[in-house]
Amino acid sequence: MARDCLFCKIIDGSIPSEKVYEDDKVVAILDINPVAPGHTLVLPREHTDDFISTPPALLAEVMPSVHAVAARVMKGVKADGFAVVVFNGRAAGQEVFHLHVHIIPRKEGDGVRLGWPKTHYADGEMAELAEKIRAAK
Ligand code: ZN
C-alpha cells in the first residue's frame, strides 16, 4: 500500500466506499462524482501510480475483472452501452495516482458528453506523427 493513497485506503477499508465488486485482483467502487449513474472505478489491489508505470502482466491480470465489472454495471443500471476510460497523467485528467479504470454506463440519448472534440491533421502531419510513433521505443 502506498502511503497517503486514497484508493489504497479505500481498498483496505480505512476509507468507506460503495463497493460493487471485488475479487483477488481488484476492488470496484462507485465514483462519488459520477458522469452518469453507475459510473464505476475498477481499482487494482496492487498500487501502481498510473497506466504507463503498470507492468503489462498486471494489466493483463486486471482486464478480466474490468470485463466482469462492466457486464454487471450494464445489467445493474440497464445501460445500452458503456465507455472504458483510463486517464494517464495530470494533463489527461488523472486526479488520483493509483491506476483506475472508469466504466461509464451510457443510455441511448442520455446527453452525456465526454469532451471528445474531433480535430483534423494538417497536410503531411498525420504521416509525420505516425513515423514518430513507429520509431519511438
Ligand atoms: Zn494506491
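Note: the structure precedes this text.
Let us look at the structure shown here. Just so we're clear, the structure is a prediction, and the values are computed from it rather than from any experiment. (Residues numbered from 1 in each chain as written. Predicted model: local features only at pLDDT ≥ 70, side-chain atom pairs only at ≥ 80, totals over all residues. Heavy atoms only, no water.)

Quick notes on the pairing of strand E2 (residues 26-30)
Strand residues, when the strand is regular, have side chains that alternate between the two faces of the sheet. Filter applied, for reference: Buried, partly exposed and exposed residues are distinguished by accessible area as a fraction of the type maximum, computed with a 1.4 Å probe on protein chains only: under 20%, between the cut-offs, and over 50%, respectively. By the criteria applied, helices consist of DSSP H or I runs no shorter than four residues and strands consist of E runs no shorter than two, each listed in order from the N terminus. One requirement defines pairing of two strands: DSSP has to find at least two bridges between them.
Most of E2 sits out of view: four of its five residues are buried. Taken together, the three bridges between strand E1 (residues 19-22) and E2 define a ladder with antiparallel strand orientation. The residue of E2 that forms the bridge with Lys 19 is Ile 29. The antiparallel hairpin formed by E1 and E2 contains three residues in its connecting segment.

Here's the deal with the nonpolar core
The condition is simple: Nonpolar cores were defined as sets of buried Ala, Val, Leu, Ile, Met, Phe, Trp, Tyr and Cys residues, with membership established by side-chain atoms within 4.5 Å. Contacts were defined at the residue level, with two residues in contact if any of their heavy atoms lie within 4.5 Å.
Residues Tyr 21, Val 26, Ala 28, Val 42, Leu 58, Val 62, Val 66, Val 69, Ala 70, Val 73, Val 101 and Ile 103 constitute the largest nonpolar core, which totals 12 residues. Taken together, the elements giving at least two residues each to this core come down to E2, helix H2 (56-76) and strand E5 (101-106). The element contributing the most residues to this core is H2, with six residues. With sequence-adjacent residues up to four places away left out, Val 62 is seen in contact with Val 26 and Pro 44. Within the second largest apolar cluster, 10 residues are counted, among which are Phe 7, Cys 8, Val 27 and Ile 29.

Some details on the coordination of the zinc ion
In a perfect tetrahedron of four donors around a metal, the angles come out at 109.5 degrees. In a perfect octahedron of six, they are 90 or 180 degrees. To be explicit about the condition: Only nitrogen, oxygen and sulfur atoms count as donors, using a 2.8 Å cut-off from the metal that widens to 3.2 Å for Na, K and Ca. Water is left out, so coordination shells may look unfilled. Any coordination sphere not matching a tetrahedral pattern (four donors, all angles between 85 and 135 degrees) or a square planar or octahedral pattern (four or six donors, opposite donors over 155 degrees apart, other angles between 65 and 115) is reported as irregular.
Surrounding the zinc ion are the protein donor atoms Cys 5 (SG), Cys 8 (SG), His 47 (ND1) and His 98 (ND1), which sit 2.0 to 2.2 Å from the metal. Every donor counted, the four donor atoms about the zinc ion form angles of 100 to 116° at the centre, which fits tetrahedral coordination. One chain supplies every donor to the zinc ion, and in sequence these donors are spaced C-x2-C-x38-H-x50-H. Placement of the pair is Cys 8 in helix H1 (residues 6-11) and His 47 in the loop between strand E3 (40-44) and H2, with a sequence separation of 39 residues.

Some points on H2
Formally: In a helix, the anticipated span is given by 1.5 Å times the number of residues less one. Working definition for bend: take the seven residues up to and ending at a residue and the seven starting at it, fit an axis to each, and measure the angle between the axes.
Between its terminal C-alpha atoms H2 stretches 30 Å, which fits the 30 Å expected from 21 residues at 1.5 Å a residue. Val 62 marks where H2 bends most, by close to 25°; the proline Pro 64 follows one to four residues later. Taken together, the buried positions of H2 are occupied by Leu 58, Leu 59, Val 62, Ser 65, Val 66, Val 69, Ala 70 and Val 73. Turning to H2, the residues buried within the fold contact E1, E2, E3, strand E4 (81-85) and E5.

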